[in-house]
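Chains, contacts and geometry: an overview
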Amino acid sequence: GTTTTTTTTTTTSSMDVNDVRDQENEAKNCFCVYVNGKRCALRDGIGETTALEFLRGRGLTGTKLGCGEGGCGACTVVVSSVSYDAREDSYSYSHKAVNACLTPIYALEGHHVITVEGLGNARDGMHPVQMAIASAHGSQCGFCTPGFVMSMYALLLNSRNKSNENRISPRDIEEALSGNLCRCTGYRPILKGFVDAFVENKVYSQETIDGDISNAFKKSMKVSDGTMVPICASTGQPCTNGCGDTDGENSSRTDDGKVSEENGTNTNAAIKEPLFPIELKRRAKEENGLVTLAFQGGNAMTHPIHNDGVKWHRPTSLKELLDLKDAYPGNDSKIVCGNTEIGVEIKFKKASYPRRIHVSGNTIEELGRISMNYDNGEAVFGAAISLSDLEHACSSKEASNVERFIAISKQLKWFAGRQIRNVSTLGGNIVTGSPISDLNPLWIALDAIFVVTSKQGGNRYVKARDFFLAYRKVDLKPDEILKQVELKAFNDSGISSTTTGKEYFHEYKQSHRREDDIAIVTCGTRAFFDTSTGECLDFSIGFGGLSFKTIFCSQTASGMVGKRMTKETLDFLMSAIEKECLVDENAPGGMAQYRTTLAKSFVFKFFLHCVGDLRSVVNTSSSSTLYELQQNELSSLGRNERQSVVSGAQYFTKKITGEVVGQPLAHKSAHIQATGEAVYCDDAAKPEGCLHAALVLSTIAHGKIISVDSASAVEDVPGVLGYFSAKDIPQNGSNTIGPIAHDEEIFATEYVTCVGQVIGVVVAETRALALKAADAVKIEYDILEPILSIEDAIAKKSYYTDEMIGMKGMLGHALHSGNVDEIFANEDNSSDIKIISGSTRVGGQEHFYLEPNACVLEVTDNDEVITTSSTQCPMKHQAYIADCLGFSRNKVTCKAKRLGGGFGGKESRSGFMNVAIAVPAYHLRKPVSLVLDRDVDMQITGHRHSFRGDWKAAFDVKSEKILALDVKIYNNAGNSLDLSSSVLDRALLHVDSAYNIPNLRAEGYCCKTNLPSNTAFRGFGGPQGIMIGESVMDDVARHLNVAPDVFRENHLYHEGDITHFGQKLIDCQVRSCWKELKSKREATFAERRKAVETFNQMSKYKKRGFAATPAKFGIAFTALFLNQAGALVNVYLDGTVGISIGGVEMGQGLFTKVAQIAAKNLGVRFEDVHVLETSTEKIPNASPTAASASSDMYGDATEDACLQIMERLKPIQEKMGKDASFKDVVNSAYFQRIDLSAHGWHVTKNLNWDWSVGKGNPFNYYTYGAACSEVEVDCLTGDVNVLRTDIVMDVGDSINPALDIGQVEGGFAQGLGWILLEELKYGDSQNGHNWIKDGVNFTRGPGTYKIPTANDVPEEFNVTLLHDSKNPRAVQSSKAVGEPPFLLGNSVYFAVKDAIYYARQEDEEEVEEGKVFNLDLPCTPERVRIACGNAFAYGSRNYKTRITI
């Protein structure tokens, strides 16, 4: 029953081979880390340097900076270590995925770090993991891809051994990727690629690693049509080039044994991985593990630029550790374990820890102990064990029958991502003293003992209940450390040893997002019952998230002793918990009513958990008095865990083999993205002498600048070259910019109008010094009252007007059709006409592109400017920089190679930072680089606009049709106009959604507030307008007591209908999409709704909901002049083609589609077409890559150029004959002096629009779609699980079905995030979150802002591209697809609302049929739980939650 282990190793087979080169001659006395098999010495003076900075400084840029706080996984690397067993004379290895952005490089001394570059590359051969994700279309923008590769690789390393290879499951893969975020794909193709390769086909095996590939080639796999084909051991994909033929007759293998892929990528058949360094093995054997480490911080006095002065110690024994703490007690030293908390404190809270002591269970045996007794529940856990080690110990087979151990493992499952759990320690988690800790409530409930120790005082024993003193303050003396955690036996609570009893223990946690998220409320509950009498002998509850520290409910605990689990006991529990867990309305963190409700809900769940089992163990005579658990209450007992990983089917029309257009080809850059070779802005080699910039930003929402003191920044911080502001702009330059109105200052001069407004910029020799100097600039303000919300703006009539911006016809727009007023006036004359009104509040959304904004700029000779930027609109950067410096635009060249996501956020809001660094670059005559930290990016660059729609609708009771709709739409524009007027215009144009409402009036208002200027985001106002319209549809349907999907279908547009702005719908496919959707899986909407109703009748506290919604999205820029595009096509004498376009590749596959179009028109291979980086010197005056129209525009421009060239080549082709190769024809044309270059041009036709009358054709055509979703809601917590989503999308004749399906899935997932999870919280002391400073964005990183993970997208996710749909108005009869799928996330929102309606029907107060309620978007767990109501809720279910709009 008892096991005792240490956590120094995880055993797998050795990675070294006999012929490895001898490393014995390396310098033995020098501290080092190995990277991809290469030795890197560690010098003194870099204690602040993270592994990410270290790696990228050595050119290993595949490891990305995504967030800097361990929340996105883009920086994931694998860290391997070795231990030696002298008794067995054997080595064992540990492999952990870790976040390089948080890991100090000194913590990796004596370890082997493997980056994505160490696995393979597209030229010499790719690793199976890299091939799996690339070939499965799992990489779009590609910025996150290396992180996914490394997380998967770590899982493979830890699962591999020769005797029992590769025993991993799909759930293992999903769990391994829990710490990795993707904003593009929707996760399904990533998971499918890895599952197909490593679960279904097991291509990663010891024999392929060892080079024995004979058996691997004999394996086969199923493809989509059910046939079995050979698979390649290297790629894990169906063998299409013959390399899998056992006879080799059809092999396309090259002479060096590599397989040539269609895209020109070579993949090695045998896997080659970095060998584990012999030096580290020798150290493990001779020195018995890691050695004592001491760095003194370098000489920070004489060489301050390259030495940070941080002193670093690594003790290897408990004695050494206690000696250090005795010598440097309290704040004189800081213990660092995983650095997951301290790293964040240093980066974001500006904490300073000049002396750090690195502690690990691998180096100090006493702190790495795990001892567990599975018979009586006793346990000892060393303080330095990692949370992964604790999780694995508590989830072992032996521990699976002990509730307390199960609870610990289950709680850890939702604690951060795997990378964090791999390095975070138990002790670090405890002594941090977080009031929202996941584990500390469990230790309190278990009455755990914390053993603390010191050199002078020895061991001291502290109850967990007494350990937490105040906010992040614990009972630990200056020289003490936490040594271990001890759990008592089940009945060791002063209970008689003769008593027969049973312990019940359960963990609970609710967060904004299930996976990898900080808790809102967390709970540990324990009860011990006398099984002979059913009496409670001991009861304890610990809570996190309810107070400034973890709390123990002592009154509830004492009151429960001696009670049986009856209805009266339940009443006592609910009353007692409400008293002890009441959260003040103004408490930090907000959500006061919800947090108290969660506490009651958790205790109720635990009550049912105990009752559900007690009846079977308590004597019959005693069990009769127990609470009688109802059948429909059973659903509340289970944990909110997914039943399966995301899966689904994708349906599209297969094109004839040989046609390049219409084929599901992989993204052009997928393979180099998977290998980390794809270069993003900050990855590119910087110009010689490049300096680094940091922005000086406003810290208040509104105020007058009294003074700016930059002296200390420039004089006291070493390596600083200057502070620059508006006064440094050249005399003939301009300090104002803006995409429409020039109403925004580059550098604030007299007033600041939002938190994060740029006041100046500091330039230094290193980025760290620039950031330090920027913080040192002192600014004094006279604070003015800010306007922070739409409500406040309406009250103060703060709207943007034409007069304000000095332009005509830009604002004050309205649309109207029919006679709205006449319909409303008829209500008194007809009993069949009813009128209802409502207000729909829609929150904003952060773009959360994985690549933060970055730019580098150089002013060269003759005052020419070259800049590379992560922007969707290089032309705007060119214009802004030229205007600011007083240059002509022909001297400014802006380039963009690829973006790590954009989604509209890099269209207009990336320009101000690029022009800001142009000023110091101009004066210093040196190149300057700027990379925003994630938190700064999210604070200053704006978001999707929040909206409010106030509406009134008239409907006919008999016909069940809406007759009229009157709506006023407001958006929160922010402190400058930016694109807000155009965003509002599109909302007005889409408020009808896909419904024919004969009388409609819509007016729009742009609210001027003191938030950072909001901007374009996928859908560009369309989603907000449609959500308002869909809310009207749903509310009216509920009033009529008609199934909402039936009501929606009855209002759908028909072919030839006229919109409310006068455009006739041609080739309207919305009803075709709806019809196709209804036929999915041979179940009509009515049948699926019936299944939902049946489930809900059997379940009281979990409810399911169903909803279907359509999509209609207009394709074109609403600004007519933007609907133009150019392409330059160059044909070379070897028959290859180079293309330059004005559009930017940001993951959507634009370059791939353009290459397919060119290949078809020129009759060349897809591989022979290359699309070059976007540059203003090749294609001038290009419109932004936005509005979903780029493939239409640049594809058509490319086709135009290709047709010009083919027309020139036609006579030569005819003369040479049809058998002549393209290369031969081209060479013949060259010698005849025929131009082999052409400039193509596109102008979108059929557009006419006039806002002064509000009528015309603003769109070239519409993309249509429809989706239905089923969800399950936990009515006690508000947790939502999306069970299934089906989508039918009309994309015309798809140019590339794989890319289009990727856009559909990714767009829907982003829409789902907007609907369910992604809540922006800005400080607003008057109308909103009053616990945050006015104007400050609290949600400015992955720790507080939650985008979907793989655990949030639908479990079953089916996508169909509408069959036989043509579109004569776009290139190759295709349709735009980037934005329209986003709209279909609405189906999840209304499915959740449907489930809440069912929950509210359980309430006896809900007696009115058709009674509607408001549910603000996003429908977070807080809003869902409060809306559900029921007897265990605290407060009213009509409570209006605080929301930033």
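Up top you'll find the structure we're talking about.
All of the points below concern the structure found in this document.

1. Quick look at the sheet that holds strand β23 (residues 519-530)
Ordered by their spatial adjacency, 4 strands build an open sheet running β22-β23-β24-β25, and the pairing between neighbours is antiparallel. Only two strands of the sheet have a single neighbouring strand rather than two, namely β22 (501-511) and β25 (551-552). Across 8 bridges, the pairing between β23 and strand β24 (residues 536-544) is antiparallel. Pairing of alanine 527 across the sheet is with phenylalanine 539, part of β24.

2. Describing unusual backbone geometry
Omega for the peptide link from leucine 1417 to proline 1418 comes to 10°, which places this bond in the cis form. For alanine 1116, which is not glycine, the phi torsion reads 155° and is therefore positive. Residue placement: alanine 1116 occurs in the loop between β44 (1102-1115) and β45 (1124-1131). Given the relative accessible area of 2%, alanine 1116 is considered buried. In this structure, arginine 1233 is a non-glycine residue whose phi angle is positive, near 60°. You can call arginine 1233 exposed: its relative accessible area is 80%.

3. Section: the nonpolar core
With 218 residues, the main nonpolar core has Ile173, Phe194, Phe198, Leu1316 and Val1392 as its most contacted residues. In terms of residues, this core owes the most to one element, helix α38 (residues 1386-1401), which gives 10 residues. Excluding residues within four positions of it along the chain, leucine 1316 makes contact with Val1280, Val1282, Val1388, Val1392, Pro1418, Cys1419 and Thr1420. The next biggest cluster of nonpolar side chains, apart from the first, holds 71 residues, and it includes Val79, Ala351, Met372 and Ala383.

4. Side note on the sheet that holds β45
Pairing within the open sheet is mixed, and its 4 strands lie in the order β47-β46-β45-β49. Sheet topology places β47 (1169-1171) and β49 (1237-1243) at the edges, where each strand pairs with a single neighbour. The average undirected angle you get between the axes of adjacent strands in this sheet is 20°. Pairing analysis gives 7 bridges linking β45 to β49, with the strands arranged antiparallel. Along β49, the bridge assignment pairs asparagine 1130 with serine 1237. Across the sheet, helix α35 (residues 1190-1216) is in contact with β45, β46 (1137-1141) and β49; its angle to β49 comes to roughly 140°.

5. Some thoughts on the environment of leucine 318
Here leucine 318 lies in helix α8 (residues 318-327). The spatial distance from the C-alpha of leucine 318 to the C-alpha of lysine 483 is 9.2 Å, given a sequence separation of 165 residues. If we skip the residues at most four places from it in the chain, leucine 318 touches Ile364, Glu366, Leu367, Ile481 and Lys483.

6. Section: the pattern of salt bridges
Inspection of every chain in the model, using the stated rule, returns 78 salt bridges. With a closest N to O distance of 3.3 Å, aspartate 775 and lysine 350 form a salt bridge. Note that aspartate 775 is positioned in helix α22 (residues 767-776) and lysine 350 in the loop between α9 (342-348) and β14 (355-358), a separation of 425 residues in sequence. A relative accessible area of 49% places aspartate 775 in the partly exposed class. On the accessibility criterion, lysine 350 (52% relative accessible area) is exposed. Measuring nitrogen to oxygen at the nearest pair gives 2.8 Å for the salt bridge that ties glutamate 578 to lysine 600. Here glutamate 578 is found in helix α17 (residues 567-580), whereas its partner lysine 600 is found in helix α18 (residues 592-617), with 22 residues between them in sequence. Judged by its relative accessible area of 5%, lysine 600 falls in the buried class. Where salt bridges share partners, they join Glu1030, Asp1034, Arg1038, Asp1045, Arg1048, Arg1089 and Asp1394 into one cluster.

7. Details of the side chain of glutamine 1063
Assignment of secondary structure puts glutamine 1063 in the loop between α31 (1044-1051) and α32 (1070-1078). Among the polar contacts made by the side chain of glutamine 1063, one reaches the main-chain carbonyl oxygen of phenylalanine 1259 at a distance of 2.7 Å. Among residues more than four places away in sequence, those in contact with glutamine 1063 are Asp1057, Ile1058, Gly1256, Asn1257, Pro1258, Phe1259 and Tyr1262.

8. Topic: helix α37 (residues 1297-1316)
Here α37 contains 20 residues, and its C-alpha end-to-end distance of 28 Å stays within 8% of the 28 Å for a straight helix at 1.5 Å per residue. The buried fraction of α37 amounts to 20 of the 20 residues, a majority that puts the element mostly inside the structure. Sitting at the amino-terminal end of α37 is asparagine 1296, which places a side-chain oxygen 3.1 Å from the backbone nitrogen of alanine 1298.

Parameters and conventions
Along each chain, residue indices are assigned from 1 in the same order as the chain's sequence is written. Predicted model: local features are reported for residues with pLDDT of at least 70 only, side-chain atom pairs are reported and counted for 80 or more only, and whole-chain, interface and lining totals are derived from all residues. Side-chain calculation: all heavy atoms of the structure are included, whereas hydrogens and water are not. One requirement defines pairing of two strands: DSSP has to find at least two bridges between them. Elements are defined by DSSP. Helices are runs of H or I of four residues or more, strands are runs of E of two residues or more, and each kind is numbered from the N terminus. Accessibility here uses a 1.4 Å probe with only protein chains present; expressed as a share of the type maximum, an area under 20% marks a residue as buried, one over 50% as exposed, and anything in between as partly exposed. As used in this record, nonpolar core signifies buried Ala, Val, Leu, Ile, Met, Phe, Trp, Tyr and Cys residues forming a set joined through side-chain atoms within 4.5 Å. Residues are treated as being in contact if the distance between any of their heavy atoms lies within 4.5 Å. Structural elements are reduced to axes, namely lines fitted to C-alpha atoms, with helices fitted over the stretch in contact, and the angle between N-to-C directions of any two is expressed from 0 to 180 degrees. What makes a salt bridge here is a side-chain nitrogen of Lys or Arg within 4 Å of a carboxyl oxygen of Asp or Glu, nothing more. The definition of a polar contact used here is a pair of N or O atoms within 3.5 Å, where within protein one atom must be able to donate a hydrogen and the other to accept one, and adjacent residues in sequence count solely through side-chain atom pairs. Between the first and last residue of a helix there are one fewer steps than residues, each counted as 1.5 Å, and that sum is the expected span.

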